[in-house]
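Observations on the three-dimensional arrangement
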Amino acid sequence: MTRSWIRGLALAACVVSTAVPGPDGAAAQEPTRSLHGALAEGLTCLDCHTQEAWSPLAEDMAFDHADFGGFVLEGRHADVSCAMCHEGLVFDRASGAQEECTSCHLDVHQGTIARPCSACHSVSSFTDLDPGVVHPADYPLEGAHLQTSCESCHTDDLGGAYAPLDRECATCHLDEYLSVPLVDHEELGFSTDCTECHSTLDFRDVAFDHFTVSGGFELIGRHSAIECTACHSLPDGGIPESPSGPEDCIACHLDDYEDEHGGSGFPTDCLDCHTPFDWDDADFEHASATGFALIEGHDQLLCIECHVGSSSETYFSPSNPEDCYACHVEDYEVRHAGTGFSTDCRACHQATTWEGATFEHAFVIDTGPHNRGCEECHAVPGDFGFFTCLTCHDQPRMDDKHSEEAGYSYDSPTCLSCHPTGRDS
């Protein structure tokens, strides 16, 4: 028995033969049909099988399921056996219509989803789903909803049988709506449509009309940036001292007022000087409030240099902006005690620079031999009433020069009486 004859038997196994009369009347065997049913035209056994054995199939089959079967085998479909879809390996009879997934696959959604399976699933993996694609277009999953499992919302839908849900926020978030301690949503009549104030990106990112809800208190400036609990600090979300309106700053900022202005008599209307945008950026008109304009250097001083600590009581009480002596009496006494100089400091000094004194001396001292330090003539520190000419003008020389002058006396007052301009004549 030859090898080729054996191969012929192997191939013959794929057909069923029937006896028919031959031309000479003898019975002959004629193949009528494949065990796989009616094969597509042009398809032979050798397209899938080998001559060596019926099984396994040839490694490089010439059979293209898409060409002959009209259904592309890709993804997981390329890995399943023929018998999974073709019962009894009869290829002209598939388990179901190839356009309908449910002809082979159990509909785990039990008819609750009208869209075709391919709208959500792929042949690569039945469970590899894109939540943004899976959910209906009229209720897209956004923000935190993308992070939750399907069962978090579809609590009663088991095995993937996801029935449509009520899309109102309160369906899932009613407990949160009723239990917020900061703002009693139910008492205030807030809508159960959470999206009017909240977003799915961050539930705490609240956008609502505080002005309307609070009865006229608009959150602007620094008020818009602080946590709600900074004002609503009571356990029930209340405010310890409720302001009567947006300008009633003292209701919340009494402690701040006492720390900064206690005993000062300043008005408690903080907005007269401050703004809600920056507490430290005070727009305070000192001249209007005190009658003393901060000019020429005074505007560079710290408040505490004139005002006692936080009480804002002044160390001095000038009668007007030109009453320098009221504040600078010690400076006057140190420099001018006993001189008889005017206590109007501005007659010689400027507020911008104390040292830049400008005054009219009895005679010219800015040029000539008298252009020298004050202490050379005013030898007693701080007592400009005392002066001496004798330090520079020695007596022998002066006596000689005045030998013919009647009434000559070698003393400073006499010198000044005869020489009021500091000159010889």
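Residues numbered from 1 in each chain as written. Predicted model: local features only at pLDDT ≥ 70, side-chain atom pairs only at ≥ 80, totals over all residues. Heavy atoms only, no water.

What about the pattern of salt bridges?
What the rule picks out here adds up to 1 salt bridge. The closest approach of N and O atoms between Arg397 and Asp394, which form a salt bridge, is 3.3 Å. On the basis of relative accessibility, which here comes to 35%, the residue Asp394 falls in the partly exposed class. (Salt bridge = Lys/Arg side-chain N within 4 Å of Asp/Glu carboxyl O. Buried < 20%, exposed > 50% of the residue type's maximum accessible area, 1.4 Å probe, protein only.)

A word on unusual backbone geometry
Cis rather than trans, the peptide bond between Ser55 and Pro56 has omega equal to 5°. Here Leu89, not a glycine, exhibits a phi torsion of approximately 60°, which is positive. For Leu89, the location among the structural elements is in the loop between α2 (65-69) and α3 (131-134). Take Leu89: its relative accessible area is 35%, and that puts it in the partly exposed class. (Helix = DSSP H or I, 4+ residues; strand = E, 2+ residues; numbered from the N terminus.)

Here's the deal with the confidence of the model for the protein
Chain-level statistics for the protein give a pLDDT mean of 77 and a share of 87% at 70 or above. Within the protein, no element has a lower average pLDDT than helix α1 (residues 3-12), which sits at 35, and none a higher one than helix α11 (residues 395-401), at 91. Within the model, pLDDT remains below 50 along residues 25-32, and this stretch shows 18 contacts once partners closer than five positions in the same chain are excluded. (pLDDT = per-residue confidence, 0-100. Contact = heavy atoms within 4.5 Å.)

Observations concerning the environment of Ser403
One can find Ser403 in the loop between α11 and α12 (412-418). A polar contact is formed between the side chain of Ser403 and the backbone oxygen of Asp400, at a distance of 3.4 Å. (Polar contact = N/O pair within 3.5 Å; in protein donor to acceptor, adjacent residues only side chain to side chain.)

Let's talk about helix α10 (residues 325-336)
The end-to-end C-alpha separation of α10 is 12 Å, well short of the 16 Å expected for 12 residues at 1.5 Å each. Positive backbone phi, at 80°, marks Gly338, one or two positions downstream of α10. (Expected span 1.5 Å × (residues − 1).)

Regarding a negative patch on the surface
A cluster of like negative charges, contributed by Asp255, Asp256, Glu258, Asp259, Glu260, Asp278, Asp280, Asp281, Asp283 and Glu285, occupies part of the molecular surface. Mapped onto the elements of the fold, Asp278 is located in the loop between α8 (250-261) and α9 (286-290). (Patch = residues over 30% accessible without salt bridge, like charges linked within 9 Å, V, L, I, M, F, W, Y side chains within 5 Å. Areas by Shrake-Rupley, 256 points an atom, 1.4 Å probe, with all protein chains shown as cover. Lys, Arg positive; Asp, Glu negative; His and termini not counted. Charge placed at Lys NZ, Arg CZ, Asp CG, Glu CD.)

Some thoughts on helix α5 (residues 169-179)
Turning to α5, its buried residues are Cys169, Ala170 and Tyr177. One side of α5 holds all its buried residues, which, seen down the axis, span an arc of 60°. Exposed side chains of α5 directed beyond 90 degrees from the buried face belong to Asp175 and Ser179. On the buried face of α5, the contacting elements are α6 (185-188). (Arc of directions from axis to C-beta.)

Considering the state of the cysteines
Here, disulfide denotes a covalent bond that connects the sulfur atoms of two cysteines. Applying the stated criterion to the full structure yields 0 disulfides. No disulfide involves Cys169; its sulfur sits 4.2 Å from that of Cys194, the nearest cysteine. The class of Cys169 is buried, set by a relative accessible area of 18%. Residue Cys324 stays outside any disulfide, its sulfur separated by 4.7 Å from that of Cys345, the closest cysteine. Relative accessible area serves as the criterion here: at 15%, Cys324 is assigned to the buried category. (Disulfide = S-S within 2.5 Å.)

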